[in-house]
Amino acid sequence: MIAKFYLLLFTTLVLLTSCINTKKITYFNDLEKATGAESASRLQALKVQPGDILQITITTIDKDISLILNPAAVNSSPLSADGADPGYIVDSAGYVNLPMIGKVYVKHKTTAEINDIITQELNKTIRNPYVSTRIANFRISVLGDVARPGSYRISGERASVLDALSMAGDLNITAVRDDIMIIREVNGEKTYASLNLNNSKTLSSPYYYLNNNDVIYVKPGPNKQFNTSKIVQLLPAAIGILSLITTIVIVSVK
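What you are looking at is a predicted structure, and each value in this text was computed from that prediction instead of being measured.

Peer 1: Quick rundown of the overall build of the chain? Include the residues and the values.
Peer 2: Looking only at helices and strands, one finds six helices and ten strands in the chain. Counting the 254 residues in the chain, one finds 32% classified as buried. Considering only contacts in the chain between residues 6 or more positions apart, those separated by 24 or more positions represent 63%.

Peer 1: Lay out the sheet that holds strand 7 (residues 150-153) in plain terms, naming residues and giving numbers.
Peer 2: Spatially, five strands are ordered 7-6-10-8-9 in an open sheet, and the strand pairing comes out mixed. Each edge of the open sheet carries a strand with a single partner, namely strand 7 and strand 9 (189-195). Sheet twist, expressed as the mean angle between neighbouring strand axes with direction ignored, is 20°. Bridging between strand 8 (residues 180-186) and strand 10 (residues 215-218) involves three bridges; their strand directions are antiparallel. By the bridge assignment for strand 10, Ile-183 is matched with Val-215.

Peer 1: Which residues make up unusual backbone geometry, and what values go with them?
Peer 2: Positive phi, close to 65°, is recorded for His-108, a residue that is not glycine. Inspection of the secondary structure assignment puts His-108 in the loop between strand 4 (102-105) and helix 4 (111-122). One non-glycine residue with positive phi stands out, namely Asn-213, at about 70°. With respect to the element layout, Asn-213 can be found in the loop between strand 9 and strand 10.

Peer 1: Describe the sheet that holds strand 1 (residues 53-59), with residues and values.
Peer 2: As summarised here, the arrangement of the three strands in space is 2-1-5, forming an open sheet in which the pairing is antiparallel. The open sheet is flanked by strand 2 (88-89) and strand 5 (130-135), the only strands paired with a single partner. Both strand 1 and strand 5 contribute to a ladder of six bridges, which runs antiparallel. What sits directly across from Thr-59, in strand 5, is Tyr-130. In the packing of helix 4 onto the sheet, the strands contacted are strand 1 and strand 5, and the crossing angle to strand 5 comes to about 145°.

Peer 1: An account of helix 4 is requested, with residue identities and associated values reported.
Peer 2: Compared with an ideal rise of 1.5 Å per residue, which puts twelve residues at 16 Å, helix 4 spans 16 Å between its outermost C-alpha atoms and is within 8% of the ideal. For helix 4, the set of buried residues is Thr-111, Ile-114, Asn-115, Ile-118 and Leu-122. In a view along the axis of helix 4, the buried residues occupy a sector of 105°, so they form one face of it. Structurally, helix 4 contributes buried residues whose contacts are with strand 1, helix 2 (63-69), strand 3 (95-98), strand 4 and strand 5.

Peer 1: Describe in detail the pairing of strand 9, supporting the description with residues and values.
Peer 2: Two strands pair when backbone bridges link them, and strand 8 and strand 9 are joined in this way by seven bridges, in the antiparallel orientation. Residue pairing across strands places Ile-183 opposite Tyr-192, the latter belonging to strand 9. The antiparallel hairpin formed by strand 8 and strand 9 contains two residues in its connecting segment, where Asn-187 sits at a positive phi of about 55°.

Reading the values: rules and limits
Residues numbered from 1 in each chain as written. Predicted model: local features only at pLDDT ≥ 70, side-chain atom pairs only at ≥ 80, totals over all residues. Heavy atoms only, no water. Helix = DSSP H or I, 4+ residues; strand = E, 2+ residues; numbered from the N terminus. Buried < 20%, exposed > 50% of the residue type's maximum accessible area, 1.4 Å probe, protein only. Contact = heavy atoms within 4.5 Å. Pairing = 2+ DSSP bridges. Axes fitted to C-alpha atoms, helices over the stretch in contact; angles between N-to-C directions. Expected span 1.5 Å × (residues − 1). Arc of directions from axis to C-beta.

See the structure below:
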């Protein structure tokens, strides 16, 4: 009877451990049931907001004109003296002020649209200009129950929530995965959204891909204070000891 009791207890612990290790900490655990693909063309391109810093490079066949149009390339280092990103800051009205062109309205424009606008303006006086624009200060912040919370610079124009969590060293095992908060500022107003990393529908959320200055907050789970990660690490050893005790009891009964 005692042997059966220990054997039943051992089996229950194994099953519980399996559930703890996979069900709650697996991202998008419904993907084995859901299949398909998300078209990249449906995803919204990153749009410029006031306060963004644009790195605008203009190339022409005339080197002297190119130097006039790109003063930052000659006079600025990769970082300015105060540590800020070099480039043209978008003012509160949504404009940047460029040499030989003047003010250009860029608010809510993509970098591709800005390239077209500046090219059209330059075509009035310059032959075959080439314009390249990027957002120089694209950063996101990851806070809460992650391995390395902090602010992270994005080199391209597209970064997802998973990219950001990867930069931050991933979620801790104690983190809540079904309520990741995204804080975003749009037109001077803060907006909030909750993402469930256990649900594949998150991949099509408008908050899955991040905007400049987005903040990701990861809530700690209710067992955070008990350091669940260490408990899970000790479970295999505890199960091994329990198995040994069960074997000894079975042999003793026989």
